[in-house]
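# Fold and contact review
Given next are the chains, with one letter for each unit.
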Amino acid sequence: MRIGELAKLTDTPARSLRYYEAQGLIEPRRLPSGYREYDNYLVGRVTQIRGLIDSGIPTRIIKQMLPCLGSPLKIVVDDAEPELLELLAVERDRMTHRIDCLTRNRDAIDSYIRAVNEATSVRSAAGAA
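Everything in this summary refers to the structure shown in the same document. (Residues numbered from 1 in each chain as written. Predicted model: local features only at pLDDT ≥ 70, side-chain atom pairs only at ≥ 80, totals over all residues. Heavy atoms only, no water.)

## Overview of the overall build of the protein
Formally: Helix numbering and strand numbering both begin at the N terminus, where a helix is a DSSP run of H or I of at least 4 residues and a strand a DSSP run of E of at least 2. This radius of gyration counts C-alpha atoms alone. The globule rule is 2.2 Å times how many residues there are, raised to the power 0.38. To sort residues, take the accessible area from a 1.4 Å probe on protein chains only and compare it with the maximum for the residue type: under 20% means buried, over 50% means exposed, and anything in between is partly exposed. All accessible-area figures derive from a Shrake-Rupley calculation using a 1.4 Å probe, and residue coverage is judged against the displayed protein chains alone. By the counting scheme adopted, Arg and Lys are positive, Glu and Asp are negative, and His together with the chain ends is not counted. Where a charge lies is defined by one atom per residue type, namely NZ (Lys), CZ (Arg), CG (Asp) and CD (Glu).
For the protein, the helix and strand inventory stands at 5 helices and 4 strands. Counting from the amino terminus, helix and strand elements in the protein follow one another as α-α-β-β-α-α-β-β-α. Relative to the 2.2 N^0.38 estimate, which gives 14 Å for 129 residues, the radius of gyration of the protein is 22 Å and therefore markedly larger than a compact globule would have. In terms of its C-alpha atoms, the protein occupies a principal-axis envelope of roughly 75 × 40 × 20 Å. Counting every position in the protein, which comprises 129 residues, the buried fraction comes to 23%. As displayed, the protein offers around 9100 Å² of accessible surface, 56% of which is attributable to carbon and sulfur atoms. Here the protein holds 19 positive side-chain charges and 18 negative ones, and the gap between their average locations is 7 Å.

## Brief notes about a nonpolar patch on the surface
Defined as follows: Nonpolar side chains (Val, Leu, Ile, Met, Phe, Trp, Tyr) within 5 Å and like charges within 9 Å form the patches, drawn only from residues with over 30% relative accessible area and no salt bridge. Salt bridges are identified by distance alone: a Lys or Arg side-chain nitrogen within 4 Å of an Asp or Glu carboxyl oxygen.
The grouping of Ile109, Tyr112, Ile113 and Val116 at the surface amounts to a nonpolar patch, some 400 Å² of accessible area in total. Relative to the helices and strands, Tyr112 is located in helix α5 (residues 82-128). Judged by its relative accessible area of 60%, Tyr112 is exposed.

## Here we look at helix α1 (residues 3-10)
This is how the line gets drawn: As used here, the arc is the angular range of directions from the helix axis to the C-beta atoms. Contact definition: two residues touch when any of their heavy atoms are within 4.5 Å.
Along α1, the residues classified as buried are Ile3, Leu6, Ala7 and Thr10. The arc that holds every buried residue of α1, seen down its axis, measures 100 degrees, which confines them to one face. Where α1 is buried, its residues meet α2 (14-22), β2 (36-37) and α3 (41-54). A positive phi of about 55 degrees marks Asp11, the residue just after α1.

Below, the structure is given as structure tokens:
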């Protein structure tokens, strides 16, 4: 498939796909015309990479993790380096902190929405009476 199709299937801009290639995260084949040709397995790989990036993991760490990621939802561990495990533990802890913060913010938004809905209901009831 061409870059535009992969971009559409993964909801990832073509520019990001080129960046992933430059970083060594994906490797498309090159056609004789010079166009990139992406294999179907890259849909899952790009989705995985994008999820890791969205989680805050830098591409230099993702590149080290790639040999451990056989396919989405399957982790294959052949030879994990201790340094990689330390980096991942730090990133995991950062994610946990962000998740806690997001959870607090989501709960605050829920409280605000409930308060607005209750106030609106009270005003509507008072206006109807």
